[in-house]
Amino acid sequence: MFSLRTLLVLGRTSNLPTVWSNCLAGWWLAGGGNAHKLFPLLLGATLLYVGGMYLNDAFDANFDAQHRRDRPIPSGVINVKSVWQIGFGLLGAGLIILFFLGKTTGILGVLLVLCILIYDAIHKVITLSPVIMAACRFFLYLVAASIAVNGVVGAAVWSALALACYIVGLSFLARKESTGVEVNYWPCAFLAAPIFLAWLMNPGSYRQNALLLSIVLVLWVVRSLRFAYRAAERSIGRAVSGLLAGIVLVDLLAVADVPHAFALVFIILLLLALAFQRFVPAT
């Protein structure tokens, strides 16, 4: 039998709060409502994310055997066949749940699963794989929006694109974690996309909230990036972990006009992501 920790590490479960915040933001931006569909949405998204992470390790088994021997498969705590089986099983279960939520949700779920599989299969061999990773989060936003009363509306699409840009910057940085090569500065520009969009989409009285949350996000990004660029002992993994948790702040910025009680949910998810990272590596 496999230990619980092995299963949690394989699924990179410390990042699940960011998946849940993506779902809540996409749902809210599309008008909310249909609250009875929220739990199945969160469950389906959780299964897809964890399944995708399992398959990520299955595809990367040979690479990890050379560069990341602490990962569950090369360390021998679980065999690759079991990881393949569990990963595809979770993807299938998640997709079934999404189809029960509606035809549009299911079709968008299929597109999300395709992006997950393509990323897992080729992310080590093509330079632009961060764009595919960004597409995964983009479609997750749209999946969430599709269960809301207004469906996939412009606000959800634009916010999904802003998040995708953030993921592109984060993912290009993460690619350097295993190789140890010099880190470039240009991916940082992509991290600013959510702030630019928030300024455009929040006119009038809403702009004050957007400005405040933008400042918080900037401070968080700078705090995270210093571990990659300025720390005496560089730690790209620590920088990436911080940026991953910061996805929750990106989502909160996207819904800057939410009631305070709902905003508190995002703060709790951020704290959960940080707490989980103490026990399960985010990368």
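The rules we used
- For every chain, the first residue of its written sequence is number 1, and the numbers climb from 1 along that sequence.
- Restriction of local features to residues with pLDDT of at least 70 applies here, the model being predicted, together with a cutoff of 80 or more for giving and counting side-chain atom pairs; totals for whole chains, interfaces and linings are based on all residues.
- As a rule here, side-chain values come from all non-hydrogen atoms in the structure, and water together with hydrogens is ignored.
- What we call a nonpolar core is a set of buried Ala, Val, Leu, Ile, Met, Phe, Trp, Tyr and Cys residues that are connected through their side-chain atoms within 4.5 Å.
- Accessible area is worked out with a 1.4 Å probe on protein chains only. A residue is then buried under 20% of its type maximum, exposed over 50%, and partly exposed in between.
- We count a stretch as a helix when DSSP gives it H or I for four or more residues in a row; a strand needs E for two or more, and each element gets its number in order from the N terminus.
- The contact criterion used is simple: two residues touch if any of their non-hydrogen atoms lie within 4.5 Å.
- A helix's residues, less one, multiplied by 1.5 Å, set its expected span.
- Note on ring pairs: Phe, Tyr and Trp rings are taken, using the six-membered ring of Trp, and paired if centres are within 6.5 Å. Classes follow the plane angle, with under 30 degrees stacked, over 60 edge-to-face and the rest tilted.
- The criterion for a charge sitting over a ring is simple: Lys NZ or Arg CZ within 6 Å of the ring centre, and within 35 degrees of the ring normal.
- For this analysis, a salt bridge means a side-chain nitrogen from Lys or Arg found within 4 Å of a carboxyl oxygen belonging to Asp or Glu.

A. Examining the nonpolar core more closely. Grouped together as the largest cluster of nonpolar side chains are 94 residues, with contacts concentrated most on Leu41, Tyr166, Leu173, Leu243 and Phe266. By residue number, the principal contributor to this core is helix H8 (residues 129-145), which donates 12 residues. Apart from the residues lying within four places of it in its own chain, the contact partners of Leu243 are Tyr166, Leu170, Leu173, Leu191, Val221, Ser224 and Leu225.

B. A look at helix H7 (residues 103-122). The end-to-end C-alpha distance of H7 is 29 Å, a good match for the 28 Å that 20 residues give at a rise of 1.5 Å each. Among all positions in H7, only Thr105, Gly106, Leu108, Gly109, Leu112, Val113, Cys115, Ile116, Tyr119 and Asp120 are buried. Along its buried surface, H7 packs onto helix H3 (38-59), helix H6 (80-100) and H8.

C. Representation of helix H13 (residues 247-254) in the model. Within H13, seven of the eight residues are buried, which leaves it mostly tucked inside the rest of the structure. Of the residues making up H13, those classed as buried are Ile247, Val248, Leu249, Val250, Asp251, Leu252 and Leu253.

D. The packing of aromatic side chains, seen in detail. Taken as a whole, this structure holds nine aromatic pairs when the rule is applied. Aromatic pair Trp84 and Phe88: ring centres 6.1 Å apart, planes at 15°, arrangement stacked. With Trp84 and Phe88 both in helix H6, this residue pair falls four residues apart, about one helical turn. Residue classification places Trp84 among the partly exposed residues on the basis of a relative accessible area of 28%. When its relative accessible area of 44% is taken as the criterion, Phe88 is described as partly exposed. Linked through ring pairs, Trp27, Trp28, Phe262 and Phe266 together constitute an aromatic cluster. Lys124 extends its terminal NZ or CZ atom over the ring of Phe63, reaching a point 4.1 Å from the ring centre. The ring of Phe227 is capped by Arg226, whose NZ or CZ atom sits 4.4 Å from the centre of that ring.

E. Just the pattern of salt bridges, in detail. Per the stated rule, a full pass over the model turns up two salt bridges. Among the ionic pairs, Asp57 bridges to Arg12, the shortest N-O distance being 3.0 Å. One end of the pair, Asp57, is in helix H3; the other, Arg12, is in the loop between helix H1 (4-10) and helix H2 (16-29), with 45 residues separating them in the sequence. For the pair Asp57 and Arg12, one class covers both residues: buried.

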